[in-house]
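An overview of the molecular structure
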Amino acid sequence: MKKGVFLILAVLFCLPAALFAADDAPYKLLDDSNFVAETKGKLVFVDFYADWCGPCRQFAPVFEAVAAANPDLFFVKVDTDASPKLSAAFKITAIPYIVAYKDSKVIAKFTSFPRNEKTFDSWVKKVVAAVEKQD
């Protein structure tokens, strides 16, 4: 493979996912500076990830598909490397770390396997039903 082609491929695969997030993505990219303000008073489904994380990259299309299928819900992605304060506040020790968050606290964690659209969408719907029951 020629050096130029290799360099282009290397750059494309190493660029942060945030650069590829379209304005019309079914989720928001948040960080230390805007997470609290953007999530206040909302039920939020959060995917804490890192660009270098293989399992995070595998889960990304699942998260996006479920977010797109549920446009009435609020989905957020947070890059743990770019958001050290949030990572510390949530005590993240492994990623991807997927949680439901409301009123400044984690109300549920997504730990099911396999991490596919069916299991994630089912979990999201269970969380929404539980929250609606409490409200």
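Residues numbered from 1 in each chain as written. Predicted model: local features only at pLDDT ≥ 70, side-chain atom pairs only at ≥ 80, totals over all residues. Heavy atoms only, no water.

To continue, consider the nonpolar core. By size, the foremost hydrophobic cluster in this structure holds 21 residues, and its most contacted members are Phe45, Phe75, Phe120, Trp123, Val124 and Val127. Every element with two or more residues in this core is listed here: helix 3 (54-69), strand 4 (97-102) and helix 5 (117-134). Broken down by element, the residue count for this core peaks at 6 residues, all from helix 5. Residue contacts for valine 127: discarding those within four places in its chain leaves Leu43, Phe45, Ala100, Ile107 and Ala108. Counting residues in hydrophobic clusters, the runner-up holds 19 residues, among them Cys53, Cys56, Ile92 and Tyr101. (Core = buried A, V, L, I, M, F, W, Y, C linked by side-chain atoms within 4.5 Å. Buried < 20%, exposed > 50% of the residue type's maximum accessible area, 1.4 Å probe, protein only. Helix = DSSP H or I, 4+ residues; strand = E, 2+ residues; numbered from the N terminus. Contact = heavy atoms within 4.5 Å.)

Here we come to the packing of helix 3 against helix 5. Direction vectors running N to C along helix 3 and helix 5 enclose 50°, while the axes themselves pass 9 Å from each other. Our classification of the angle between helix 3 and helix 5 gives oblique. By crossing handedness, the relation of helix 3 to helix 5 is classed as right-handed. Touching Phe59, Val62, Phe63, Ala65 and Val66 of helix 3 are Glu117, Phe120, Asp121 and Val124, all from helix 5. For the contact of helix 3 with helix 5, a count of residues per class yields 7 nonpolar, no polar and 2 charged. (Axes fitted to C-alpha atoms, helices over the stretch in contact; angles between N-to-C directions. Parallel < 35°, antiparallel > 145°, perpendicular 65-115°, else oblique. Left-handed = near helix turned anticlockwise from the far one by under 90°. Nonpolar A, V, L, I, M, F, W, Y, C, P; charged D, E, K, R; others polar.)

The step from isoleucine 95 to proline 96 runs through a cis peptide bond, and the omega angle for that step is 5°. Within the secondary structure layout, proline 96 lies in the loop between helix 4 (84-89) and strand 4. A cis amide bond links phenylalanine 113 to the next residue, proline 114, at an omega of 0°. Turning to its location among the elements, proline 114 is positioned in the loop between strand 5 (105-109) and helix 5. Look at aspartate 103: it is not a glycine, yet its phi comes out positive at around 55°. In this structure, aspartate 103 sits in the loop between strand 4 and strand 5. You will see that serine 104, though not glycine, has its phi angle at about 65°, which is positive. With respect to the secondary-structure elements, serine 104 resides in the loop between strand 4 and strand 5. For serine 104, a relative accessible area of 63% puts it in the exposed group.

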